[in-house]
Amino acid sequence: MSYDESHLPARRRPLSRLTLVIAAAALVPGAFAGWLIWQAAGGSDDGGPAGLPAQGSSASASADPSPGSSGPGPGPSGTRSPSKPASGGDAAPGDARPAPGDGPLAGRTVVIDPGHNPGNFKHTAEINKLVDIGTNRKECDTTGTSGNSGYTEAEFTADVSQRLRTLLRKEGATVKLTHENDRAWGPCVDERAEIGNKAGADAVISIHADGSAAGNRGFHVILPALVKSGGADTSKIVTPSRDLGERVAGNFVRTTGSAPSNYLGGGTGLDVRDDLGGLNLSTVPKVFIECGNMRDSKDIALLTSADWRQKAAQGMADGISGFLKR
Ligand code: ZN
């Protein structure tokens, strides 16, 4: 359990300062909230918020993302009725949640998208099929990455998604997952976006872990670039998605103690991409989060820790909750 080892030398600083900065950061519209908190926590000196990442900067080594669409599936669930739990799939045993209509997030709908699917490895033909993401055509879905020990990204995303669902339900939100052990593969990225759209979600988060080079560490949140092409038009979601993403990043730093990515985003923990179907095709505020790098030995130690995953889910829940209450 080394989730706070190496990079939190400054956690020893007086709590008061950290608390103050967190409070101040909460008021910063934006961009540098996560970075401010990280700095307050004693985080690296390797370069501050070198400005926000340029649009379309993604480049990343990420073997990743976007979950997708098509294929038979649980189908868009929940059509719009904010105050009642989405049909099907929303009830989980042991989930303590307020009665419908209770809680600060009552009437709000959140869609959680667990990146990839454990079954994708066995369905390469299906997931390699190209789908339209507005700007171009791209694979329906990908297998995702894994740690050296065999712990897969899909296992990780399913676990964190369920933890996040429980937390958001406790606040009264209606929560829907794009899939959960109920289909052999996928969904494709376009369907994943469509599920959020059809649910009329107030916020959507797609959960991932990266597969970058060892030594590359930390989390980052991916925001939609401005894209208007084919069936993609993100013009209405760019601004609210950035707000959502900044809140998630700031709270993720606070709850996990993890640093923003040291390999992209200039220390902000934020990246902007125009090549992800799950973002391009969304018509509701949406972000992706890469929680860490599964190919790095220190990051994988965190990602495989249930305790750390709970903190990660809490950071996402707090960020989403703050966004919905704004
Ligand atoms: Zn992924």
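Residues numbered from 1 in each chain as written. Predicted model: local features only at pLDDT ≥ 70, side-chain atom pairs only at ≥ 80, totals over all residues. Heavy atoms only, no water.

Engineer: Can you explain the sheet that holds strand β6 (residues 220-224)? Please cite residues and give values.
Structural biologist: Each strand in a sheet pairs with its neighbour through backbone hydrogen bonds, running either in the same direction (parallel) or in the opposite one (antiparallel). If you walk across this open sheet you meet the six strands as β4-β1-β5-β10-β6-β9, and the pairing is mixed. Edge positions in the sheet fall to β4 (174-177) and β9 (270-273), since each of these pairs with one other strand and no more. Averaged over all neighbouring strand pairs, the angle between strand axes comes to 25°, with direction disregarded. Both strand β5 (residues 203-210) and strand β10 (residues 286-293) contribute to a ladder of six bridges, which runs parallel. Residue I207 lies in a different strand from β10, and its bridge partner there is I289. (Pairing = 2+ DSSP bridges. Helix = DSSP H or I, 4+ residues; strand = E, 2+ residues; numbered from the N terminus. Axes fitted to C-alpha atoms, helices over the stretch in contact; angles between N-to-C directions.)

Engineer: A description of unusual backbone geometry should follow, citing residues and the corresponding values.
Structural biologist: Here G186 and P187 are connected by a cis peptide whose omega angle stands at 5°. Counting through the fold element by element, P187 comes out in the loop between β4 and α5 (189-198). Here H116, not a glycine, exhibits a phi torsion of approximately 65°, which is positive. Within the fold, H116 resides in the loop between β1 (109-114) and α3 (124-128). Residue classification places H116 among the buried residues on the basis of a relative accessible area of 0%. (Buried < 20%, exposed > 50% of the residue type's maximum accessible area, 1.4 Å probe, protein only.)

Engineer: Break down the state of the cysteines for me, citing the residues and quoting the values.
Structural biologist: Under the definition given, this model contains one disulfide. The residue that forms a disulfide with C140 is C188, at a sulfur-sulfur distance of 2.1 Å. Between C140 and C188 the disulfide shows an S-S torsion of about -90°. By sign, it is left-handed. With C140 in the loop between β3 (137-139) and α4 (153-170) and C188 in the loop between β4 and α5, this residue pair connects regions lying 48 residues apart in the sequence. (Disulfide = S-S within 2.5 Å.)

Engineer: Could you give me a rundown of the packing of aromatic side chains, with the residues and numbers involved?
Structural biologist: Applying the stated rule across the entire model yields two aromatic pairs. Judged by centre distance (4.7 Å) and plane angle (50°), the ring pair of F219 and F252 falls under tilted. Of this pair, F219 sits in the loop between β5 and β6 while F252 sits in helix α6 (residues 238-256), placing them 33 residues apart in sequence. For F252, a relative accessible area of 0% translates into the label buried. Ring centres of F252 and W308 lie 5.8 Å apart, and the angle between their planes is 80°; this geometry places the pair in the edge-to-face category. One end of the pair, F252, is in helix α6; the other, W308, is in helix α9 (residues 306-324), with 56 residues separating them in the sequence. Here the aromatic cluster, defined as three or more aromatic residues joined through ring pairs, consists of F219, F252 and W308. Sitting above the plane of the F323 ring, R326 keeps its charged end 3.8 Å from the centroid. (Phe/Tyr/Trp six-rings, centres within 6.5 Å; stacked < 30°, edge-to-face > 60°. Lys NZ or Arg CZ within 6 Å of the ring centre and 35° of its normal.)

Engineer: Give me the lowdown on α6, citing residues and values where you can.
Structural biologist: Between its first and last C-alpha atoms α6 spans 26 Å; for 19 residues at 1.5 Å apiece the expected length is 27 Å, and the two agree. With 14 of its 19 residues buried, α6 lies for the most part within the structure. Positioned one or two residues after α6, G257 has a phi angle of 75°, which is positive. (Expected span 1.5 Å × (residues − 1).)

Engineer: Lay out the packing of α4 against α9 with the relevant residues and their values.
Structural biologist: A pair of packed helices is captured by two measures, namely the crossing angle of their axes and the spacing between those axes. The N-to-C vectors of α4 and α9 enclose an angle of 50°; their axes lie 9 Å apart at closest approach. As summarised for this structure, α4 and α9 are arranged oblique, according to the angle between their axes. Once α4 is placed against α9, the crossing between them reads as right-handed. Between α4 and α9, the contacting residues are F156, D159, V160, R163, L164, L167 and L168 on the first element and A306, W308, R309, Q310, A313, Q314, M316, A317 and I320 on the second. Residue composition of the contact of α4 with α9, grouped by class: 11 nonpolar, two polar and three charged. (Parallel < 35°, antiparallel > 145°, perpendicular 65-115°, else oblique. Left-handed = near helix turned anticlockwise from the far one by under 90°. Contact = heavy atoms within 4.5 Å. Nonpolar A, V, L, I, M, F, W, Y, C, P; charged D, E, K, R; others polar.)

Engineer: Which residues make up the confidence of the model for the protein, and what are the values?
Structural biologist: Of all residues in the protein, 69% attain a pLDDT of 70 or more, and the chain-wide mean is 80. In the predicted structure, residues 1-32 sits below a pLDDT of 50 and forms 50 contacts with residues beyond four places in sequence or in another chain. Scored below 50 in pLDDT, residues 41-93 makes 171 contacts in the model with residues more than four places away or belonging to other chains. (pLDDT = per-residue confidence, 0-100.)

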